[in-house]
Amino acid sequence: MKANYYNICLRVTIAEILEFYTVESISILNSIDVISDTATVIIPRRFIQTLENPKNGEKKNLIEFIKIGDKIKIEAGYDNELNTEFEGYITEITDETPIILKCMDEMYKLKKMEKINKLFPHAELKKVLEFIAPNYKIETPKEYSFGKFAIENATPYEVLQQLRTNYMIRSYFKDGILHAG
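Residues numbered from 1 in each chain as written. Predicted model: local features only at pLDDT ≥ 70, side-chain atom pairs only at ≥ 80, totals over all residues. Heavy atoms only, no water.

Chemist: Please explain the sheet that holds strand E11 (residues 137-139) as it appears in this structure.
Modeler: An order of E11-E14-E13 is seen for the 3 strands of this open sheet, with the pairing classed as mixed. The two strands at the open ends of the sheet, each matched to only one other strand, are E11 and strand E13 (171-174). Strand-to-strand twist across the sheet, computed as the mean angle between neighbouring axes with direction ignored, equals 30 degrees. Inspection of the sheet shows E11 paired to strand E14 (residues 177-180) by 3 bridges, in the parallel sense. In the sheet register, Glu139 faces E14, and the bridge partner there is His179. (Pairing = 2+ DSSP bridges. Helix = DSSP H or I, 4+ residues; strand = E, 2+ residues; numbered from the N terminus. Axes fitted to C-alpha atoms, helices over the stretch in contact; angles between N-to-C directions.)

Chemist: Would you take a moment to explain the pairing of E13 for this structure?
Modeler: The side chains of a regular strand alternate between the sheet's two faces. Here E13 shows one buried face, formed by Ser171 and Phe173, and one open face, formed by Tyr172 and Lys174. Here 4 bridges tie E13 to E14, and the two strands are oriented antiparallel to one another. Bridged to Tyr172 within E14 is His179. (Buried < 20%, exposed > 50% of the residue type's maximum accessible area, 1.4 Å probe, protein only.)

Chemist: Hey, could you run me through the packing of helix H3 (residues 125-132) against helix H4 (residues 156-167) in this one?
Modeler: A packed helix pair is summarised by two numbers, namely the angle formed by the two axes and the spacing between the axes. Two elements in contact, H3 and H4, have axes separated by 10 Å at closest approach and are oriented at 160 degrees. Here H4 runs roughly antiparallel to H3, going by the angle between their axes. Crossing geometry of H3 relative to H4 is assigned as left-handed. Residue-level contacts link Leu125, Val128, Leu129 and Ile132 of H3 to Pro156, Val159, Leu160 and Leu163 of H4. When grouped by side-chain class, the residues that make up the contact of H3 with H4 number 8 nonpolar, no polar and no charged. (Parallel < 35°, antiparallel > 145°, perpendicular 65-115°, else oblique. Left-handed = near helix turned anticlockwise from the far one by under 90°. Contact = heavy atoms within 4.5 Å. Nonpolar A, V, L, I, M, F, W, Y, C, P; charged D, E, K, R; others polar.)

Chemist: Can you walk me through the pairing of strand E4 (residues 38-43) in this structure?
Modeler: Pairing of strand E3 (residues 25-29) with E4 involves 5 bridges; the strand directions are antiparallel. Among the inter-strand pairings, Leu29 is bridged to a residue of E4, identified as Thr38. Pairing between E4 and strand E9 (residues 99-104): 6 bridges, direction antiparallel. The residue of E9 that forms the bridge with Thr40 is Lys102.

Chemist: Can you walk me through the nonpolar core in this structure?
Modeler: A general tendency of soluble globular proteins is for nonpolar side chains to be buried together. Formed by 28 residues in total, the largest nonpolar core has its most connected members in Met107, Leu129, Phe149, Leu160 and Leu163. Apart from residues no more than four positions distant in its own chain, Leu129 is found in contact with Ile138, Thr140, Leu160, Leu163, Leu178 and Ala180. Residues Leu10, Val23, Leu62 and Ile72 belong to the second largest nonpolar core, which totals 19 residues. (Core = buried A, V, L, I, M, F, W, Y, C linked by side-chain atoms within 4.5 Å.)

Chemist: Please explain the pattern of salt bridges as it appears in this structure.
Modeler: Once the charged atoms of two side chains with opposite charge are near each other, the side chains can pair. One pass over the full model with this rule turns up 4 salt bridges. Of the charged contacts, one joins Asp70 and Lys67 as a salt bridge, the two residues approaching to 3.0 Å between their closest N and O atoms. The class of Asp70 is buried, set by a relative accessible area of 6%. Across the salt bridge formed by Lys115 and Glu158, the nearest N and O atoms sit 3.5 Å from each other. With Lys115 in the loop between helix H2 (107-112) and strand E10 (116-120) and Glu158 in helix H4, this pair connects stretches of sequence that are 43 residues apart. The exposure class assigned to Glu158 is partly exposed, which follows from its relative accessible area of 32%. One salt-bridge network, in which partners are shared between bridges, spans Arg11, Lys73 and Glu75. (Salt bridge = Lys/Arg side-chain N within 4 Å of Asp/Glu carboxyl O.)

What follows is the structure in structure tokens.
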């Protein structure tokens, strides 16, 4: 006989070392109205204790295991069938109880890249994106041009914000691919 309920399951993986199957709360913002997806994970008080690193047996407090820039993956589902809900990087860690982790998707890496300068006399969206994010696969509409375009002392993240503000070009990451249009 089939059960009349589903068991909710969750897995939060941090830096491919720590896994949590219970958290106090998770909030994920995934919208085309913002430039990057974000997540907030609140880790319950009972997990803030001495833990053992599964790789080398070293014992530390939880806050010593995680750091800003660590990868984080949030999966959720029912009856042990997990779906990835968020992948990104930790951008902020509170040192109070409970521990709050603020996270950002792949845009975090673009935000941390060096500032660049470049003038495009006749800019094509794909060429601009290939210049600012050379290590990513890029998906754009065919042949989207917008005339003269200058990048002045800006990170790739700031360039995407400029494209959004001035040309209404929205950008987002999905499955490691930078989409824009």
